[in-house]
Amino acid sequence: MKIQAYLAFNGNCQEALNFYANLFNAEIKNKQTYEDKKIDVPSSFRQKLQHAELKGKGVHFMAYDASPDTPLNNGNQINMSVDTNDLDEGKQLFKDLSSGGQVHHEFREREWGHFGRCTDRFGIGWMVNVDK
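Another aspect to go through is the overall build of the protein chain. The number of helices and strands found in the protein chain is two helices and eight strands. Ordered by position from the N terminus, the helices and strands of the protein chain form the series β-α-β-β-β-β-α-β-β-β. Per-residue burial over the protein chain gives 39% buried out of 132 residues. Summed over its atoms, the accessible surface of the protein chain is roughly 8100 Å², and 47% of this surface lies on carbon and sulfur atoms. With 16 positive and 18 negative side-chain charges, the protein chain shows a spacing of 2 Å between the two charge centroids.

Printed below as a string of structure tokens:
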């Protein structure tokens, strides 16, 4: 299992990652836009980043441009992301993390595997991901 930060941006993720990459001497990897995704976003948003990672010596975090229907404010621009290869473990983690909190995206199968997003009872955002 791996747990790491997942930063949310309001349409300027690429600009922010360029800044952080330069600052931390890191590389932007695994860039994916909304272009070919089966997600309901405006055509003007299709070139925004749906996922990217910043990796370098001592730094590794993920980032994306939150879709227009996900308003961002202070406090919800970062989520903790849990990646596991075990579907049962992922289901249980999501159930436990969302208990007493709020489910934003039900834990279910997606194009890339299983995924769910919630805020726990302490106000911390979590994304649980199980790759195929």
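Read on for the rest.
Attention now moves to the nonpolar core. Within the largest apolar cluster, 13 residues are counted, with the highest numbers of intra-cluster contacts made by Phe9, Cys13, Leu17, Leu54, Phe61 and Ala63. Going through the elements one at a time, strand S1 (2–9), helix H1 (13–24), strand S3 (49–56) and strand S4 (59–65) are the ones with two or more residues in this core. A per-element tally of this core places H1 first, with four residues. When near neighbours in sequence (up to four residues on either side) are disregarded, Leu54 contacts Leu17, Tyr20, Ala21, Phe24, Ala26, Glu27, Ile28, Val59, His60 and Phe61.

Attention now goes to the sheet that holds S1. Ordered by their spatial adjacency, eight strands build an open sheet running S2-S3-S4-S1-S5-S8-S7-S6, and the pairing between neighbours is mixed. A single partner strand is all that each edge strand has here, and the edge strands are strand S2 (27–33) and strand S6 (102–109). Taking each pair of neighbouring strands and ignoring which way they run, the sheet shows an average axis angle of 20°. Strands in contact with helix H2 (residues 87–98) are strand S5 (78–84), S6, strand S7 (113–119) and strand S8 (125–131); relative to S6, the strand with the most contacts, it is inclined by about 170°.

With that out of the way, let us pick up the pairing of S5. Inspection of the sheet shows S1 paired to S5 by six bridges, in the antiparallel sense. Across the sheet, Tyr6 pairs through a bridge with Asn79, a residue of S5. Bridge analysis of S5 against S8 gives six bridges, and the strand direction is parallel. Among the inter-strand pairings, Met80 is bridged to a residue of S8, identified as Trp126.

Under the criterion given, the structure shown has three salt bridges. In this structure, Lys55 and Glu53 form a salt bridge, with 3.8 Å as the shortest nitrogen-oxygen distance. Judged by its relative accessible area of 10%, Glu53 is buried.

Below, the discussion takes up the side chain of Glu53. Mapped onto the elements, Glu53 comes out in strand S3. A polar side-chain atom of Glu53 sits 2.7 Å from a polar atom in the side chain of His60. Ignoring any residue separated from it by four or fewer positions in sequence, one finds Glu53 in contact with Glu27, Ile28, Lys29, Asn30, His60, Phe61 and Met62.

Applying the stated criterion across every chain, the model contains seven aromatic pairs. Seen in terms of ring centroids, Tyr20 and Phe24 are 6.4 Å apart; in terms of plane orientation they differ by 25°. Their pairing is stacked. Here Phe24 and Tyr20 lie together in helix H1, a separation of four residues that amounts to about one turn. Under the relative-accessibility criterion, Phe24 is labelled partly exposed at 41%.

The rules we used
Residues numbered from 1 in each chain as written. Predicted model: local features only at pLDDT ≥ 70, side-chain atom pairs only at ≥ 80, totals over all residues. Heavy atoms only, no water. Helix = DSSP H or I, 4+ residues; strand = E, 2+ residues; numbered from the N terminus. Buried < 20%, exposed > 50% of the residue type's maximum accessible area, 1.4 Å probe, protein only. Areas by Shrake-Rupley, 256 points an atom, 1.4 Å probe, with all protein chains shown as cover. Lys, Arg positive; Asp, Glu negative; His and termini not counted. Charge placed at Lys NZ, Arg CZ, Asp CG, Glu CD. Core = buried A, V, L, I, M, F, W, Y, C linked by side-chain atoms within 4.5 Å. Contact = heavy atoms within 4.5 Å. Pairing = 2+ DSSP bridges. Axes fitted to C-alpha atoms, helices over the stretch in contact; angles between N-to-C directions. Salt bridge = Lys/Arg side-chain N within 4 Å of Asp/Glu carboxyl O. Polar contact = N/O pair within 3.5 Å; in protein donor to acceptor, adjacent residues only side chain to side chain. Phe/Tyr/Trp six-rings, centres within 6.5 Å; stacked < 30°, edge-to-face > 60°.

Worth remembering: the numbers are spatial, not functional.
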